[in-house]
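Below, each chain spelled out in residue letters.
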Amino acid sequence: ARLHAVSLSKSDLTKKLGISSRTIAKMTKGEKIADHVMKRIADFLGCQATDLFHEVLDNHILQTLRDEKNAKIKGGLYHETQVRMTYNSNHIEGSKLSEDDTRLIFETRTILSLGEAVPVDDIIETSNHFRCIDYAIDVALEPLSEDIIKRFHLLLKQGTKDSFLDYFAVGDYKRRANVVGGR
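In this text the structure is predicted, and so the values were computed from the model without any measurement. (Residues numbered from 1 in each chain as written. Predicted model: local features only at pLDDT ≥ 70, side-chain atom pairs only at ≥ 80, totals over all residues. Heavy atoms only, no water.)

Student: When you look at the packing of aromatic side chains in this model, what are you seeing that I'm missing?
Tutor: Two aromatic rings, taken as a pair, are described by how far apart their centres are and by the angle between their planes. For the structure on display, the rule yields 3 aromatic pairs. Between F106 and F130, the ring centres sit 4.9 Å apart and the planes meet at 65°, which makes this aromatic pair edge-to-face. Residue F106 is found in helix α7 (residues 99-108), and its partner F130 is found in helix α8 (residues 120-139); the two are separated by 24 residues along the sequence. Ring geometry for Y135 against F152: centres 5.1 Å apart, planes inclined by 75°, an arrangement best described as edge-to-face. Of the two residues, Y135 is situated in helix α8 and F152 in helix α9 (residues 146-157); the sequence distance between them amounts to 17 residues. Classification of Y135 as buried rests on a relative accessible area of 18%. Members of the aromatic cluster, joined through ring pairs, are Y78, F106 and F130. When the ring centre of Y135 is taken as reference, the NZ or CZ atom of R151 above it lies at 5.8 Å. When the ring centre of Y167 is taken as origin, the NZ or CZ atom of R176, which lies over that ring, is 3.9 Å away. (Phe/Tyr/Trp six-rings, centres within 6.5 Å; stacked < 30°, edge-to-face > 60°. Helix = DSSP H or I, 4+ residues; strand = E, 2+ residues; numbered from the N terminus. Buried < 20%, exposed > 50% of the residue type's maximum accessible area, 1.4 Å probe, protein only. Lys NZ or Arg CZ within 6 Å of the ring centre and 35° of its normal.)

What follows is the structure, given as structure tokens:
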């Protein structure tokens with residue numbers, strides 16, 4: 001599309017930039033070309049190299065999650081992953097929110113009160129959990145590290161009552177050990 005915008009054919013591009021016809025054929029087929037060639041084309045067209053392509057991952061599930069996340073597609077794999085993983089993870093931790101409550105928070109950022117008290121932390125952690133899943137999708141191809149784990153903790157616990165406790169250290173190690181049995 002950008003070539004048409006500047007009234008260039010593929011053969012014009014090969015001549016002006018000294019790019020081989022084989023490279024142009026690879027571009028046409030959607031195959032990867034060398035980064036330096038992509039940069040040369042982008043510089044010539046006056047844009048960023050990332051404006052010229054969409055990287056497709058070998059992991060089709062991760063690709064779908066990223067595409068649906070970026071396009072804000074409702075009802076797809078990304079949407080259902082957000083709702084179901086958040087509900088089940090929070091439910092294990094004792095959250096009083098139902099799966100429908102979780103879905104409503106994800107879809108509308110609201111909650112309906114049906115007369116039962118729900119701890120504010122359940123709502124905050126649910127909202128934060130959505131951000132954790134987004135982060136997991138973003139860093140899925142990176143090696144798991146201490147920094148990534150700490151970032152998950154920070155994202156999940158920000159704004160909760162735990163974040164106001166001096167010893168809790170949101171995004172880092174606790175400053176005191178857990179105690180079992182009240183001692």
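Next comes the rest of the account.
Student: Which parts of the structure should I look at to understand the packing of helix α5 (residues 60-71) against α8?
Tutor: Between two packed helices, the angle of one axis relative to the other and the distance separating the axes together describe the packing. It is the contact of α5 with α8, at a shortest axis distance of 10 Å, that shows an interaxial angle of 125°. The pairing of α5 with α8 is recorded here as oblique in orientation. Judged by the sense of rotation from one axis to the other, the crossing of α5 with α8 is left-handed. Counted together, L62, L65, R66 and K69 of α5 and D134, I137, D138 and V139 of α8 form the full contact between these two elements. (Axes fitted to C-alpha atoms, helices over the stretch in contact; angles between N-to-C directions. Parallel < 35°, antiparallel > 145°, perpendicular 65-115°, else oblique. Left-handed = near helix turned anticlockwise from the far one by under 90°. Contact = heavy atoms within 4.5 Å.)

Student: Mind showing me how you'd approach the pattern of salt bridges here?
Tutor: Pairs may arise between side chains of opposite charge once their charged atoms sit close together. Per the stated rule, a full pass over the model turns up 10 salt bridges. Where D162 meets K157, a salt bridge forms, and the shortest distance between an N and an O atom there is 3.0 Å. For D162, a relative accessible area of 17% translates into the label buried. According to the relative accessible area criterion, K157 is buried, its value standing at 13%. (Salt bridge = Lys/Arg side-chain N within 4 Å of Asp/Glu carboxyl O.)

Student: Which parts of the structure should I look at to understand the packing of helix α2 (residues 10-17) against helix α4 (residues 35-45)?
Tutor: As a packed pair, α2 and α4 sit with axes 11 Å apart at the nearest point and diverge in direction by 100°. Viewed along their axes, α2 and α4 adopt a mutual orientation that is roughly perpendicular. On α4, the residues touching L13, K16 and L17 of α2 are R40, I41 and F44. Considering only residue class, the contact of α2 with α4 consists of 4 nonpolar, no polar and 2 charged. (Nonpolar A, V, L, I, M, F, W, Y, C, P; charged D, E, K, R; others polar.)

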